[in-house]
Amino acid sequence: MNVNFQSVNYTADIKLVEFTQKRIEKIAQFYDQIVDVFVYTKVENSSDKINKFAELKIGIPDDDVIVKKKARSFEEAINHAADSAERVLKRRKEKQRLLG
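Thresholds, definitions, all that
Residues numbered from 1 in each chain as written. Predicted model: local features only at pLDDT ≥ 70, side-chain atom pairs only at ≥ 80, totals over all residues. Heavy atoms only, no water. Phe/Tyr/Trp six-rings, centres within 6.5 Å; stacked < 30°, edge-to-face > 60°. Helix = DSSP H or I, 4+ residues; strand = E, 2+ residues; numbered from the N terminus. Buried < 20%, exposed > 50% of the residue type's maximum accessible area, 1.4 Å probe, protein only. Lys NZ or Arg CZ within 6 Å of the ring centre and 35° of its normal. Axes fitted to C-alpha atoms, helices over the stretch in contact; angles between N-to-C directions. Parallel < 35°, antiparallel > 145°, perpendicular 65-115°, else oblique. Left-handed = near helix turned anticlockwise from the far one by under 90°. Contact = heavy atoms within 4.5 Å. Nonpolar A, V, L, I, M, F, W, Y, C, P; charged D, E, K, R; others polar. Pairing = 2+ DSSP bridges.

1. A look at the packing of aromatic side chains
Within a pair of aromatic rings, the relevant descriptors are the distance that separates the centres and the angle that separates the planes. Taken as a whole and assessed by the stated rule, the structure comprises two aromatic pairs. Arranged with centres 4.7 Å apart and planes meeting at 10°, the rings of Tyr10 and Phe74 form a pair that is stacked. One end of the pair, Tyr10, is in the loop between β1 (2-8) and α1 (14-27); the other, Phe74, is in helix α2 (residues 74-99), with 64 residues separating them in the sequence. The residues Tyr10 and Phe74 share a single accessibility class, namely buried. The ring of Phe53 carries Lys42 above its face, with NZ or CZ at 5.5 Å from the centroid.

The following block contains the structure:
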């Protein structure tokens, strides 16, 4: 599984990249057919404190799962997006099991 991290309009520090890598590896425990994961992070220009944006694009056979979240910090946004992705992948795995 390849994890591609991209930061838009800012430079990400190594701690954020390592945090993202560890969090994405946890998703792989729930769904073993993940081919690659693209993580896009950016700071949106707004006066609101919730301006950190994270998008996960998880490549799996036959389809992609895309999850977008905003939060006060990148870690929080990535964590929320990963939680949502886990739920989606669990549902997809359950459907596959039921369909045979």
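Here the narrative resumes.
2. Looking at the packing of α1 against α2
The geometry of α1 relative to α2 is characterised by a closest axis approach of 10 Å and an angle of 15° between their N-to-C directions. Relative to α2, the element α1 lies roughly parallel. Between α1 and α2 the crossing geometry is right-handed. The residues of α2 that touch α1, namely those facing Leu16, Phe19, Thr20, Arg23, Lys26 and Ile27, are Phe74, Glu75, Ile78, Asn79, Ala82, Asp83, Ala85, Glu86 and Leu89. The residue inventory of the contact of α1 with α2, partitioned by class, reads eight nonpolar, two polar and five charged.

3. Describing the pairing of strand β4 (residues 63-71)
Two strands pair when backbone bridges link them, and strand β3 (residues 52-60) and β4 are joined in this way by nine bridges, in the antiparallel orientation. Across the sheet, the residue bridging to Phe53 is Lys70, located in β4. The hairpin formed by β3 and β4 contains two residues between the paired strands, and Asp62 there has a positive phi angle of roughly 75°.

4. Topic: the sheet that holds strand β2 (residues 36-43)
Taken together, the four strands give an open sheet; going across it, the order is β1-β2-β3-β4, and neighbouring strands pair in mixed fashion. With partners counted over all chains shown, the strands left at the sheet margins are β1 and β4, one partner each. Here the strands of the sheet are splayed against their neighbours by 15° on average, with no regard to which way each runs. As defined by bridge partners, β2 adjoins β3 across eight bridges and the pair is classed as antiparallel. Looking at the pairing, Tyr40 lines up with Glu55 of β3. Its contacts with the sheet place α1 against β1, β2 and β3, and it is angled at close to 140° to β1. The strands touched by α2 are β1, β2, β3 and β4; relative to β4, the strand with the most contacts, the crossing angle is about 145°.

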